[in-house]
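# A structural walkthrough
Now for the letters of each chain:
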Amino acid sequence: MHTHQTNDKIETKIESKPKKLVLVGNPNVGKSIFFNYLTGLYVEVSNYPGTTVEILKGRYKNFIVYDTPGIYGLSSFNDEERIAKNIIIDADIILNIVDAVNLERDLFLTLQLIDSGKPVVVALNMMDEAEKKRIKINVEQLSKILGVPVIPTIAIKYKGFREITEAIEKATIGNRDKKLAEKIKKIANELKVTEIEALLILEGDSETINKYRTKFNGELYIHDEREKIYIERRNKANQIVAEVTNIDTISGRISNFFGRIAIHPIFGLAFFIVILYLAYILVGKLIAQDIVDLTENEIGKKIYEYNVRKFVARYFPVSIKVNILDEDDNIIDTRTFIFENGTRASETTLKQMEDFANGKNVEYEFEFKNPILFILFGEFGVLTMTVRYLLFLLLPLVIGFYLMLSILEDSGYLPRLATFVDKLMNYIGLNGKAIIPMILGFGCVTMATITTRLLTTTREKRIMTAILQITIPCSAQLAVITTLLMRAGFKATVIYAMTMFLVFVIIGLTLNKILPGGATPLLIDLPPMRIPRVENLAKKTWMRTFYFIKEAGMWFFVGAFVVGLLQVTGLLDKWIQLLSPLTVNWLQLPAEASQAFIMGIVRRDFGAAGFYSLELTPMQTVVGLVTITLFVPCIASLMVMLKERGAFEGLIIWLSSWIIAFTIGGIVSQILI
Ligand SMILES: Nc1nc2c(ncn2[C@@H]2O[C@H](COP(=O)(O)OP(=O)(O)OP(=O)(O)O)[C@@H](O)[C@H]2O)c(=O)[nH]1
Ligand SMILES: [Mg+2]
């Protein structure tokens, strides 16, 4: 006791010059009540923002206390801000009053004050209101994150005020943004200004800049970093709130639990893997396998295509190959029936064919001699395969993917995932938002390419589009790749996955390096996690699916038409011959593999499927799959890319994928084989 008293005396002696204690806060948070309490003066208190419009000062112990108008940030956008700012610049200690109910809004200013390098104490006011709303705040944790004392208060009841008076004596400089603090120190040194002024200069505060303009020697700090700093600060405020607040109702608690797990550095990853797995079950298994098998094979192939071709075959020359299949779909018998004038004209042959097929598990292959019919109804028929592909394969997949995306969005997870991966994405010149097109790309690159629109800058759209089109395999291709890798074994799978990942990283890093500019900061709100509303999910999924089909659908027809044309004119074969040396000598694959790189132009999975019938060693499989994955995306993707990114840029990306695919494929081949 005794020693304590002596200490006090010594301190009072040393601090004889009064310190400036400035009350700072957003409008209407209770600053004036604090002022009245501390100074014993009377300042008008009322429940509307802007009650205090001038600076009032009074004495409290060894302090001169200043009341300031409510502000949202330190800057000179309006009179209140200018008045408040000028007094804050000279403050020795800042008492920052924060509204516990609007923590997200108020923390922006708190973080800015902390960044200014002034000692700060935070009064977490309106705790009674917060309690009514069942908002629980982990005060200790908040104080730890900010690095300054945080005192819960109820100003109207003077609750917590004694603790405030104690804390003022212990005010500390908080946890400043490290990079920002470094820059501030540098500027403060160079210009001989205080740190808070350096911060204001960095944030482009016109008044401060004008004041020191003569010291600038022109260019140095002309480009202010306001936007970047503000966005990062806003995000940090959001993240802090997500971390320290709880809505103490059952649903609030659950929502908070998941919300916090989702952005946790370690559990966040586990959570992401669980979500990916669930998404895989929904889209990869249920839709891509079970439903698509039903729609594509049973409806698309056996009902739709068969009947269309059968109808056309009635009137035009055709040869029909009938394959009898066993239970495992192996061909056990086959016969070809030729109809010179269509099936309608030769009833006997038709009868023979029906007898041959009767009651068995059969598969029909129609071959139309007429080139136009071939293009329309043949193997890649515009009216057969394209329709089947679009309606019976792609449509269910697209619906599945959009449904999943909508669930992720409405549940509040997507913004958290974006936050979680933001730092990683920065390395490849993107911000967290880019995770959305990336995930979508594994469904359908065409669809994902359209979604790059949600990225902010052209630079980001460019990088994302290139990455998508070159490195991300779509679900259809992924299905074929998986099947082939299963055959090739574990080692092959690991080599394939690692090679692809490496290429992805290299392309990302390179683009980030060569394109001027940098990643924009992620600006995203973290809404509470909640169960999505079914009605909203249905509406969103439907709208997006419709839009996608409308946008991309036509290009599938165009693509199929072009390939049909190449096939009937014999150009397709020429191409295959042309490519053979590359395939055989450089990639060390069988000559027939060239076909994969032609089919791959139309559809990614066709390309990969081209390897099915070849007898490849596991390492050849790796080479083939690496090359075909990096190879050009499907025609529909190309068309959408040309539309989104323009012909010039689109073609550069498309041609690059040829070069990258064969270069990397060749290198892998030379190493492995
Ligand atoms: N329920 C509750 N109300 C409070 C508390 N603190 C302040 N208020 C009320 O909030 C309103 C604003 O208080 P002021 O002291 O005028 O706030 P201010 O920050 O000075 O406002 P401006 O000067 O307009 O920026 C008044 O109606 C106060 O009664 C609190 O802890 N709990
Ligand atoms: Mg006031």
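Note that this is a predicted model, so its numbers are computed, not measured.

### Description of the packing of helix H27 (residues 618-630) against helix H29 (residues 647-672)
Across the interface, H27 lies against H29 with an axial gap of 8 Å and an inter-helix angle of 165 degrees. On the basis of their axis angle, the class for H27 and H29 is roughly antiparallel. Every pair of crossing elements has a handedness; the one defined by H27 and H29 is right-handed. Contacts between H27 and H29 involve Met619, Val622, Val623, Val626, Thr627 and Leu630 from the former and Ser657, Ile660, Ala661, Phe662, Ile664, Gly665, Val668, Ser669 and Leu672 from the latter. Broken down by class, the residue content of the contact of H27 with H29 amounts to 11 nonpolar, 4 polar and no charged.

### A closer look at the side chain of Thr110
Examined against the element boundaries, Thr110 turns out to sit in helix H4 (residues 103-115). Residue Thr110 is classed as buried on the basis of its relative accessible area, which comes to 0%. Ignoring any residue separated from it by four or fewer positions in sequence, one finds Thr110 in contact with Asn96, Val98, Val122 and Leu146.

### Some remarks on the packing of aromatic side chains
On inspection of all chains with the given rule, the structure shows 27 aromatic pairs. An angle of 75 degrees between the planes, with centres 6.4 Å apart, marks the rings of Phe597 and Phe611 as edge-to-face. A residue pair is termed long-range when its members are at least 10 positions apart, and Phe597 in helix H25 (residues 594-602) and Phe611 in the loop between helix H26 (604-609) and H27 qualify at 14 residues. Judged by its relative accessible area of 0%, Phe597 is buried. In this arrangement the basic side chain of Arg335 is found over the ring face of Phe356, its NZ or CZ atom lying 5.2 Å from the centre.

### Looking at the UniProt feature "transmembrane region" (unreviewed entry) in the protein
In the UniProt entry, the feature "transmembrane region" (unreviewed entry) is given for residues 261-283, 389-408, 434-455, 467-486, 492-511, 552-572, 622-642 and 651-672. For the annotated span residues 389-408, helix accounts for 100% and strand for 0% of the residues, and the straight-line distance between the end C-alpha atoms is 27 Å. As a span, residues 492-511 carries 100% helix and 0% strand, and end to end its C-alpha atoms are 28 Å apart.

### A few points about the sheet that holds strand S12 (residues 362-368)
If you trace the 3 strands from one edge of the open sheet to the other, you get S11-S10-S12, paired in antiparallel fashion. Since the sheet does not close on itself, it has two edges, and those belong to strand S11 (331-339) and S12, each with one partner. Averaged over all pairs of adjacent strands, the angle between strand axes in this sheet comes to 15 degrees, irrespective of strand direction. Relative to S12, strand S10 (residues 318-325) is paired through 7 bridges, and the arrangement is antiparallel. Looking across to S12, one finds that Val322 is bridged to Tyr364. Strands in contact with helix H13 (residues 267-313) are S10 and S12; relative to S12, the strand with the most contacts, it is inclined by about 45 degrees. Relative to the sheet, helix H14 (residues 347-357) contacts S10, S11 and S12, its axis offset from that of S11 by approximately 170 degrees.

### A look at the packing of helix H16 (residues 385-410) against helix H23 (residues 534-568)
Contact geometry of H16 with H23 gives a least axis separation of 8 Å together with a crossing angle of 145 degrees. As H16 packs across H23, the resulting crossing turns out to be right-handed. Taken together, the residues of the contact of H16 with H23 break down into 17 nonpolar, 6 polar and 4 charged.

### Structural notes on the environment of Phe556
The residue Phe556 is located in helix H23 in this model. By relative accessible area, which is 9% here, Phe556 ends up buried. Distance in space between the C-alpha atoms of Phe556 and Met385 is 9.9 Å, their sequence separation being 171 residues. Among all residues touching Phe556, those that are not within four sequence positions of it are Thr386, Tyr389, Leu390, Leu394 and Ala636.

### Regarding the environment of Thr194
Its location among the elements puts Thr194 in the loop between helix H8 (178-191) and helix H9 (195-202). Residue classification places Thr194 among the partly exposed positions, given a relative accessible area of 40%. For Thr194 and Ser116, which are 78 residues apart along the polypeptide, the C-alpha to C-alpha distance reads 9.3 Å. A polar atom in the side chain of Thr194 sits 2.9 Å from the side chain of Glu197.

### Remarks on H4
Taking 1.5 Å per residue as the helical rise, H4 with its 13 residues ought to reach 18 Å, and the 18 Å between its terminal C-alpha atoms agrees with that figure. Across the 13 residues of H4, 11 count as buried, placing the element largely inside the fold. Buried within H4 are the following residues: Leu103, Asp106, Leu107, Phe108, Leu109, Thr110, Leu111, Gln112, Leu113, Ile114 and Asp115. Positive phi appears at Gly117, one or two residues downstream of H4, with a value of about 85 degrees.

Reading the values: rules and limits
Residues numbered from 1 in each chain as written. Chains lettered and ligands numbered in written order. Predicted model: local features only at pLDDT ≥ 70, side-chain atom pairs only at ≥ 80, totals over all residues. Heavy atoms only, no water. Axes fitted to C-alpha atoms, helices over the stretch in contact; angles between N-to-C directions. Helix = DSSP H or I, 4+ residues; strand = E, 2+ residues; numbered from the N terminus. Parallel < 35°, antiparallel > 145°, perpendicular 65-115°, else oblique. Left-handed = near helix turned anticlockwise from the far one by under 90°. Contact = heavy atoms within 4.5 Å. Nonpolar A, V, L, I, M, F, W, Y, C, P; charged D, E, K, R; others polar. Buried < 20%, exposed > 50% of the residue type's maximum accessible area, 1.4 Å probe, protein only. Phe/Tyr/Trp six-rings, centres within 6.5 Å; stacked < 30°, edge-to-face > 60°. Lys NZ or Arg CZ within 6 Å of the ring centre and 35° of its normal. UniProt positions renumbered as here; feature names shortened; annotations may be inferred. Pairing = 2+ DSSP bridges. Polar contact = N/O pair within 3.5 Å; in protein donor to acceptor, adjacent residues only side chain to side chain. Expected span 1.5 Å × (residues − 1).

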